[in-house]
Amino acid sequence: MRRARPLKRHDGCAPLSKRPQLLAALAAYATDSCNCRTPHPTTPDQAAHVIEAIVDAHHQEDFALLLAGLGRLLEPCPATAARAAAAAEYKSAPSGA
Ligand SMILES: [Zn+2]
């Protein structure tokens with residue numbers, strides 16, 4: 001028999017009662033375009049360029065370039081949803097397979 005979820009699972013986690021407020025604040029922060037100092041891809045073409053650079057860096061064992069490319073795909077950005085959609089569209093495109 002499973003117990004009900006605890007109101008707070010880990011130190012540092014927001015309590016369940018604050019999650020709606022935190023999700024609303026996160027949604028207010030979200031944008032469709034990236035204005036970060038190091039730009040993040042928000043179109044399929046940009047995502048393709050970054051992903052291809054990551055693959056090249058891996059093959060060349062250039063770990064600095066590899067980390068930079070992974071950062072452009074994974075680090076926090078207000079346009080995270082647009083970036084994810086661009087990467088998903090790239091992945092589903094026939095040439096992106
Ligand atoms: Zn960004």
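Nothing here was measured: the structure is a model prediction, and the numbers come from that model.

**Points about the overall build of the chain**
For the chain, the helix and strand inventory stands at 4 helices and 0 strands. Overall, the chain shows an N-to-C arrangement of helices and strands of α-α-α-α. Buried positions account for 13% of the 97 residues belonging to the chain. By sequence separation, contacts in the chain at least 24 residues apart represent 59% of the contacts at least 6 residues apart.

**Some remarks on the environment of Val50**
Here Val50 lies in helix H2 (residues 44-59). The exposure class of Val50 is buried, given the 23 C-beta atoms found within 10 Å. Put simply, Val50 and Leu66 are 16 residues apart on the chain and 10.0 Å apart in space, counted from C-alpha to C-alpha. With sequence-adjacent residues up to four places away left out, Val50 is seen in contact with Pro41, Gly69, Arg72 and Leu73.

**Here's the deal with the packing of H2 against helix H4 (residues 80-92)**
With their axes 8 Å apart at the nearest point, H2 and H4 run at an angle of 75 degrees to one another. As judged from the angle between their axes, H2 and H4 are roughly perpendicular. Residues Pro44, Gln46, Ala47, Ala48 and Ile51 of H2 form the contact with H4, whose participating residues are Ala86, Ala87, Glu89 and Tyr90. Partitioning the contact of H2 with H4 into residue classes produces 7 nonpolar, 1 polar and 1 charged.

**Concerning the nonpolar core**
Grouped together as the largest cluster of nonpolar side chains are 5 residues: Ala47, Val50, Ala86, Ala87 and Tyr90. Put simply, the parts of the chain that give this core at least two residues each are H2 and H4. Residue contributions to this core peak at 3 residues, all from H4.

**Here we look at unusual backbone geometry**
Here Glu61, not a glycine, exhibits a phi torsion of approximately 55 degrees, which is positive. Within the secondary structure, Glu61 is located in the loop between H2 and helix H3 (63-74). Of the residues examined, Glu61 has 8 C-beta atoms within 10 Å and is grouped as exposed.

About the thresholds
- Residues numbered from 1 in each chain as written.
- Predicted model: local features only at pLDDT ≥ 70, side-chain atom pairs only at ≥ 80, totals over all residues.
- Helix = DSSP H or I, 4+ residues; strand = E, 2+ residues; numbered from the N terminus.
- Buried ≥ 20, exposed ≤ 12 C-beta atoms within 10 Å, placed from the backbone.
- Contact = placed C-beta atoms within 7 Å.
- Axes fitted to C-alpha atoms, helices over the stretch in contact; angles between N-to-C directions.
- Parallel < 35°, antiparallel > 145°, perpendicular 65-115°, else oblique.
- Nonpolar A, V, L, I, M, F, W, Y, C, P; charged D, E, K, R; others polar.
- Core = buried A, V, L, I, M, F, W, Y, C linked by C-beta atoms within 7 Å.

Honestly, that's just the spatial picture; any functional story needs more than this.
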